Each structure stands twice: as structure tokens, then as C-alpha cells.
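Okay, here's what each chain looks like letter by letter:
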Amino acid sequence: MSAERPRLLYLAYYFPPSRASGVFRARATANHFAEQGWDVTVLRAPDRFFYDIIRSVDEALVETIDPRVTVLQPEMDFFAWENDLRDYSFWRGNFPVLAQKRYQRRLDRTFPEHYVTWAENAVKTGRRLHREQPFDLVVATGNPFASFWAAWELERRTKVPFVIDYRDSWTLDQFGNTDKFPPGHAAWRWEAEIHRTASAAVHVNDALRAWHAAKYPFAADRMQVVLNGWDPDIMDAEAIASAPDEARPLSFAFIGTLTHVQPIESLLEGHRLLAESGAHPGAGLDLYGHIGFFSSQEMKLRAELGLDRERPGVAYRGPVPKSEIGTAYAASDVLVFLNGGSKYVTTGKVFEYMATGKPIVSVHEKGCAAEELLRDYPLWFEPASLDPADVAAAMADAGDAARKADPDTAARARAYARSFTREAALAPFEQWARELVARKAR
Amino acid sequence: MTTPDRVLVVAFRKAAVQRVNSYLDYLLSRGVPVTVLVADGQGWKQAPRFDPRAEVLSLADRENRQPFVWTYTMLVERGPGGLFRRLGRAPGPIGGAGRRLGRLHVKAVRKIRKWFFWRGYQAVRGHSLRRIALRRLEPLRLDGVRRVVVADTAAVPFGWTLARRRPGLEVTRAMDVSAFEPLPVTDPAPELGFDPAAAERPYAQV
């Protein structure tokens, strides 16, 4: 170990102020390691990427980063994202095909991802910092998976051990359960190569770990699971009252990012049938959060999801800054867990939902990875199928439970959720990392 | 609500048509006026049609009159083709030979076009179209245009020069609909599609 405080270089392209769904894991990892006494340096994407390219930012999140964490932004080439022709160089403006070919050759030579120029600069920055004061461990989180390449390259040049953290899978389509790349694609070669040298590969659930273990058996004993979790520093679960106000109709709420993989039509129809049945008169369906991960897709996705027209009782309440997420939960009586549904997809949201101690209605295909976690949650309501009538029945049952507001059940629900904080999920990994660094230092 | 400013879409390759059409559908359904500038003179055989609600202006005639294109089509395609057709109409063995030569010519032209003409022309087509288009800016009425969307790489040289000449004009490769306010759908496309006759060629030439 280089000093009393082990040094961690954390390659997290999506990091606050980004509001991408993956930043919460990255934020928590950096904070947890800093809290445990590590000297943490984060390399993230440049501001221009978040503010001008994907325009997907939550500045309140920056305030939640531990001040002991150093955050740097290696530069990158925005070739793939530059759309404004006023920004094009003479070369690209006049010879667009040749410029594209030259860019593609660069990708083919190094790593098959547009983010590779960021990764190249991350390697340069990492090596410079390592020369000044050596790092003990590099952790790279993907996507983008160019960060894995950067960690691999840093290990090759500096011999600092590295860990790859799969927030999403790289070569597996988690929703379709199919390969993302055709046979022979460079991604396969790189994934195998990176697994050969990585000290560990971390996954968000066991199904993903098992898939990767079967694919890369030579690295299976170096794979581990670090679940996502909820963040008590962002959401004060105890402050969220669980008993609904008798004087107003129930509020069923979805809080999260709406995407095209979610069965939103089942939910909207289910809500309509619930209203028709008169089970919970006036019950509203409130949708909080962004539509899509990128602002440029929002309008199109809104139309695709059928949210561009008025629906009785359904209100799209827009995005909620993470710092105010508790307000949205407090205003909700029943939470709707709307998910793409795959045995490989857990989502971080399910932990936050459980932390509230409120009834949760699942609206997703059977076999979703989150079911494993929800099974022991005492206020979970699972429809028999995605048929709107079944969804409406489950919503009615969850509404009954909300109205009943049994304090013991709510307390049991919250107690169960307490075992899924980020800290609880990250503690064994941090301990393992500390031991790895100590072993290497001997 | 005031009429939204016009959008100009520039598409010089037929590969862009389908993408452009879904973008057009979004805008035109919401009453945003759109002009499409196309160069459908070369390489647009069997291209799908643009949404008939859009104003489409074509550079085809001008492109086909370019010296290189005109000379090639005249010397290699139309000239010999016309000769063999006439020969084919003659009676007896001359007619038979003419028809055989005509068939051979069609096959040869297909290969020559693909392997020689198109390879050479493709490299300069964007530049050549830029020169043509920049001389015909008046029909595009750029003063009322809110943004120019460049739909394919062949149109990039024209878009790049336009962006230089008019720094205040947004010229982009992105078919981004979020820049427009959430306008209500006022003119949806028919569910069964447009009447094919309504979308017949030719587009208006500029």
C-alpha cells in the first residue's frame, strides 16, 4: 500500500452532474470508499458531454459528492456527437466521408466505442497522477465500456490492479436475452481479454454474474455481486409517512425514468379499469421522472408511450431532483414498479421503493430480477399477468393495503429495506478491495 | 398559436429518405412547414417518395446537366443505348443483333455505373451539388427558415458552407424534434397511407 490511505482511481464516465441512472451507483461507490479512508480520484466525462450533448443534468447531485473525492474531467473527441455544422472543421465539412473513415479507423485500432478518446485521455491522466503519487487500485464502471479498456491499459502500463464494475452488461442484451454483437465483433475479444487481467468483475445481480461466468469460465472465480441499494443520505425513509390521508383519493405513483421497454400501456389501461371498477374512487396515477435518458428523445418517446394525450386521472408530473425525491414518495400512497422485466435487470429504483415501506405493485413481465428482492417485502402486490384486468386487480389490492395502513406491516417492510442500503451493499466489496491492495503490497 | 418557422431538410442520397420521412411526419403532423431539398438526379432509382405534405424542391435537372454527368450518360448510357434500340427495331438479322447488343449494353452499363462512374462521381458529388445548390438559394427562402437539417453525408459540404455564410442559421445533422414546442397534432397522416398518385414525380425543379 502506497500510504496510510490507499489510493483509488475510479473511472466513472457517468458521474454527477449527470443524471443518468447509473450515476447513483458511481456516486455511492466514490463516497463509500472516501468514507472508509481511501484517497479517491474520479475521472468522469467532460461537462460539455452532459450539458451540451445529452443535456441530462441534475446539479443537486454534485453537492452529494464527498468533498474528499477529487473529480477530474479528461477531454474527449466529440466527433460522434457533433451535429452542428458550424462546429465542423474544414476537413470534416468538405470531406465528410474521409473524415468518417479516418475516425472509424481510429476506433478499429483501439477500442470499438465512441468513448474511446475519453478513455485514451483517462489513461494519460491516470498515468500522470500515478507518477505523482501511485494508485493502489483502479475501478472502472461501465457503460461506457471504454472505461474497462482504460483500466486494462493502465494496468498494462503501471501494473496497478483493476476491477471492472458492470452496471449494465456489455455483450448481452439484458432485455432480449440475446447477444448484442455478431460473432467475431471486436467487443467479444476485448471482453475476454479484459477478463483475463482484471482482478475482479463486479455485477449487479447473480443472473448477470452467472451469465458472465459461463461465458468466461477462466475468470469465474474472480466475479462477485455488488447489489445496488438505496441512499439514506438522499432519501430520509423514516420521514416519509406511510399512512395515506383519508380525505383525499389514493395516489398511485411511478417514480423513475420512463422508457420504451416498460409495459406502460398495461399500467395505463390497468389504471383506467381500476377507475371504472370504483374500487378506489378518484385514485390518480402520477408519473414522476424523465421521459427517456436523453432530452432529444423525450418528445418522440412521449408520443410513443401515449403520454402526449390527456388521460383521465393520469398526471405526468415531470422530473424530480434527487434531493427532493422524498417529497414525491411522501405524496404517493402506492408505488408502481414499472420495469422492462428481465432476469438480468434489477434497477436501483426497487431498493428506494422498498425503503418507503409503502405498498408496491409490480408491472413487468414475470422473471424480472427484482422479484427475488421483492418476494420477502411484506407489501408487494404482483398481478397474475400484464393483462390490464390483472394489473387493475393488483392495484386495487395494493390500494386496500395502503388504506389499511397497518403500522406493524409498514415497520416490517422498512426493516427489510434497511438491509439494502448502498452502504450495506458496498461494505463487503470495499473490504475485499482493501485486502487485495494489502496482498499486492506485501 | 403563431405558425412555426419553416424547417429545411437537405437530402442528397436516397438512403436518407425513410429517416427523413419519419421526421417529416412528426413535424408536418404538427403543422410545422417543411421544405425538402433533394438531388435525385443520380442514384435515386426506385427511391421511396417523400411525404406529400412537404414542399420538395429538386436539383435533379441541374445535376444531370453537369458536364461530367452529362458526358458520361451521353457517351456510355443514352447514346449507345439509343443506337442499339434503333438497330433492334430493324428487320432481319440486323434487328436481332441490335437487340442482343442492347441487352449486353444494359448489363455492361449496370457494371460500369457501379464500378467506375459511381466510384469516381461519389467522391465529388457533394462538392458539385454544393456549387449547384448555393447558386439557387432564393427558392429556399432561407430568411423564414428556423433550422436546416442535413440528412446525409453528401449534403454536408453544402450545409457546412451555408453555416459559414449564415452564422445565425442553425445547420445541423440532428433530426431533433425536442427543439419544437410540444405542438398538438393538427394534420395527421392518413392511417392507410397517402394516395400514391398524390406523391407522383416530378418534384419541382429549382
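No experiment lies behind these values; they were computed from the predicted model shown.

Criteria and cut-off values
Residues numbered from 1 in each chain as written. Chains lettered and ligands numbered in written order. Predicted model: local features only at pLDDT ≥ 70, side-chain atom pairs only at ≥ 80, totals over all residues. Heavy atoms only, no water. Helix = DSSP H or I, 4+ residues; strand = E, 2+ residues; numbered from the N terminus. Contact = heavy atoms within 4.5 Å. Areas by Shrake-Rupley, 256 points an atom, 1.4 Å probe, with all protein chains shown as cover. Lys, Arg positive; Asp, Glu negative; His and termini not counted. Charge placed at Lys NZ, Arg CZ, Asp CG, Glu CD. Pairing = 2+ DSSP bridges. Axes fitted to C-alpha atoms, helices over the stretch in contact; angles between N-to-C directions. Expected span 1.5 Å × (residues − 1). Buried < 20%, exposed > 50% of the residue type's maximum accessible area, 1.4 Å probe, protein only. Polar contact = N/O pair within 3.5 Å; in protein donor to acceptor, adjacent residues only side chain to side chain. Core = buried A, V, L, I, M, F, W, Y, C linked by side-chain atoms within 4.5 Å. Domains from an automatic or database assignment. Buried area = accessible area lost by both parts, 1.4 Å probe. Salt bridge = Lys/Arg side-chain N within 4 Å of Asp/Glu carboxyl O. Phe/Tyr/Trp six-rings, centres within 6.5 Å; stacked < 30°, edge-to-face > 60°. UniProt positions renumbered as here; feature names shortened; annotations may be inferred. Patch = residues over 30% accessible without salt bridge, like charges linked within 9 Å, V, L, I, M, F, W, Y side chains within 5 Å. Nonpolar A, V, L, I, M, F, W, Y, C, P; charged D, E, K, R; others polar.

> Can you explain the overall build of chain B? Please cite residues and give values.
Helices and strands together make up the secondary structure of chain B, namely five helices and six strands. Dimensions of chain B, computed from the C-alpha atoms along their principal axes, are close to 70 × 40 × 25 Å. Within chain B, contacts between residues at least 6 apart in sequence are counted, and of these 75% link residues at least 24 apart. Carbon and sulfur atoms make up 57% of the accessible area of chain B, which amounts to about 11200 Å² in all. Between the centroid of the 36 positive side chains of chain B and the centroid of its 18 negative side chains there is a distance of 15 Å.

> Tell me what's going on with the sheet that holds strand β15 (residues 380-381) of chain A, and back it up with residues and numbers.
What links the strands of a sheet is backbone hydrogen bonding, and the strands pair in either a parallel or an antiparallel sense. Residues and elements named next belong to chain A. Taken together, six strands build an open sheet; the order of strands is β12-β11-β10-β13-β14-β15 and the sheet is parallel. If you trace the sheet from one side to the other, it starts and ends with β12 (314-318) and β15, each paired once. Strand direction decides the pairing type here: strand β10 (residues 251-255) and strand β13 (residues 334-338), joined by two bridges, are parallel. Paired with Ala 253 across the strands is Leu 335, a residue of β13. The sheet strands contacting helix α9 (residues 264-277) are β10, β11 (284-288), β12, β13 and β14 (360-363), and the helix crosses β11 at an angle near 155°.

> So, helix α14 (residues 388-404) of chain A: which residues are in play, and what are the values?
All names here are of chain A. With 17 residues, α14 should cover 24 Å at 1.5 Å per step; its first-to-last C-alpha distance of 24 Å lies within 8% of that length. Those residues of α14 lying buried are Val 391, Ala 392, Ala 394, Met 395, Ala 396, Ala 398, Gly 399 and Ala 402. For α14, the elements touching its buried residues are β10, α9, β13, β14 and β15. Capping of α14 at its N-terminal end is provided by Asp 387; its side-chain oxygen lies 3.0 Å from the backbone amide nitrogen of Ala 389. Note on α14: the residue one or two positions beyond its end, Ala 405, has a positive phi of about 50°.

> I'd love a proper account of the sheet that holds strand β1 (residues 7-12) of chain A, names of residues and values included.
Residue and element names in this part refer to chain A. One open sheet accounts for seven strands, arranged β3-β2-β1-β4-β5-β8-β9; its pairing is parallel. Bordering the open sheet on either side are β3 (70-72) and β9 (223-225), each of which pairs with just one other strand. Strand-to-strand, the axes of this sheet are offset by a mean angle of 20°, without reference to chain direction. Both β1 and strand β4 (residues 137-142) contribute to a ladder of five bridges, which runs parallel. By the bridge assignment, Ala 12 is partnered in β4 with Thr 141. Contacting β1, β2 (39-43), β5 (162-166) and β8 (200-203), helix α1 (residues 23-35) runs over the sheet at an angle of about 175° to β1.

> Outline the side chain of Thr 141 of chain A, listing residues and values.
Residue and element names in this part refer to chain A. Looking at the element boundaries, Thr 141 is found in strand β4. A distance of 3.4 Å separates a polar side-chain atom of Thr 141 from the backbone oxygen of Asp 165. Only 2.9 Å separates the side chain of Thr 141 from the side chain of Arg 167, close enough to count as a polar contact. Excluding residues that lie within four positions of it along the chain, Thr 141 makes contacts with Tyr 10, Leu 11, Ala 12, Ser 147, Phe 148, Asp 165 and Arg 167.

> Run through the nonpolar core, naming residues and quoting values.
If you look at the biggest cluster of nonpolar residues, it comprises 119 residues, and the most contacted ones within it are Leu 11, Tyr 14, Phe 49, Trp 170, Phe 252, Met 354 and Ile 360 of chain A. Those residues in contact with Tyr 14 of chain A, other than ones at most four positions away along the chain, are Ala 20, Val 23, Ala 26, Phe 49, Phe 50, Ile 54, Tyr 115, Asn 143, Pro 144 and Arg 167 of chain A.

> Give me the domain arrangement of chain A: which residues, what numbers.
Residues and elements named next belong to chain A. Parsing chain A into structural domains produces domain 1 (7-229 + 422-441) and domain 2 (237-418). If you average the C-alpha positions of domain 1 and of domain 2, the two centres end up 31 Å apart. Across the boundary between the two partners, domain 1 contributes 21 residues, which contact 20 residues of domain 2. Here domain 1 and domain 2 share an interface that buries about 1800 Å² over both sides, 61% of which is from carbon and sulfur atoms. On the domain 1 side of the interface with domain 2, the three residues burying the most area are Arg 19, Gln 174 and Phe 175, jointly 30% of the side's total. Our count for the contact surface shared by domain 1 and domain 2 stands at zero salt bridges.

> Kindly report on the packing of aromatic side chains, identifying the contributing residues and their values.
Residues and elements named next belong to chain A. According to the stated counting rule, one finds 38 aromatic pairs over all chains in the structure shown. For the ring pair Tyr 14 and Phe 49, a centre distance of 6.2 Å and an interplane angle of 65° mean the geometry is edge-to-face. Taken as a pair, Tyr 14 in the loop between β1 and α1 and Phe 49 in helix α2 (residues 47-53) lie far apart in primary sequence, 35 residues in all. Comparing Tyr 14 with Phe 49 shows no difference in burial state: the two are buried. With a centroid separation of 6.1 Å and 80° between ring planes, the pair formed by Phe 148 and Trp 170 is classed as edge-to-face. Here Trp 170 lies in the loop between β5 and β6 (172-173) and Phe 148 lies in helix α6 (residues 146-158), a separation of 22 residues in the sequence. Note on accessibility: Phe 148 and Trp 170 belong to one class, buried. By way of ring pairs, the aromatic residues Tyr 13, Tyr 14, Phe 49, Phe 50, Trp 81, Tyr 115 and Trp 118 are connected into one cluster.

> Before we move on, can you summarise unusual backbone geometry with the specific residues and values?
With an omega dihedral of 15°, the bond running from Gly 142 of chain A to Asn 143 of chain A counts as a cis peptide bond. For Asn 143 of chain A, the location among the structural elements is in the loop between β4 and α6. Across the junction of Asn 143 of chain A and Pro 144 of chain A, the peptide omega takes the value -5°, indicating a cis bond. With respect to the secondary-structure elements, Pro 144 of chain A resides in the loop between β4 and α6. A positive phi angle is found at Lys 159 of chain A, which is not glycine, with a value near 65°. Position of Lys 159 of chain A among the secondary structure elements: in the loop between α6 and β5. A positive phi is found at Gln 46 of chain B, a non-glycine position, where the angle reads about 55°. With respect to the secondary-structure elements, Gln 46 of chain B resides in the loop between β2 (34-38) and β3 (55-58).

> Please provide a residue-by-residue account of the UniProt feature "domain: Glycosyltransferase subfamily 4-like N-terminal" (unreviewed entry) in chain A, values included.
If you check UniProt for "domain: Glycosyltransferase subfamily 4-like N-terminal" (unreviewed entry), the listed places come out as residues 25-229 of chain A in our numbering. Its end C-alpha atoms 8 Å apart, residues 25-229 of chain A is made of 43% helix and 15% strand.

> I'd like a rundown of a nonpolar patch on the surface, residues and numbers included.
Residues and elements named next belong to chain B. Residues Leu 83, Leu 87, Ile 94, Leu 101 and Leu 104 make up a contiguous nonpolar surface patch of about 450 Å² in total accessible area. The element that contributes the greatest number of residues to the nonpolar patch is helix α4 (residues 92-134), accounting for three residues. Of note, Leu 101 is situated in helix α4. The partly exposed category is assigned to Leu 101, whose relative accessible area is 38%.

> Talk me through the pattern of salt bridges; I want residue IDs and the actual numbers.
Going through the model one piece at a time under the given rule, you end up with 38 salt bridges over all chains. Connected through shared salt-bridge partners, Arg 27, Asp 231, Asp 233 and Arg 422 of chain A make up one network.

> Give a detailed account of the interface of chain B and chain A, specifying residues and quantitative values.
Between chain B and chain A, the contact holds 26 residues from the first and 20 residues from the second. Taking both sides of the interface into account, the surface hidden between chain B and chain A amounts to around 1700 Å²; carbon and sulfur atoms contribute 59%. Along the contact surface separating chain B from chain A lie one salt bridge. Residue Arg 55 of chain A pairs with Asp 176 of chain B through a salt bridge whose shortest N-O separation is 3.4 Å. Our enumeration of links across chain B and chain A arrives at nine residue pairs in polar contact (both at pLDDT 80 or more). For the side of chain B that touches chain A, the secondary-structure elements that each account for two or more residues are α4, α5 (156-165) and β5 (170-172) of chain B. With six residues, α5 of chain B is the single largest residue contributor to the side of chain B that touches chain A. Per-class residue counts for the side of chain B that touches chain A are 13 nonpolar, six polar and seven charged.

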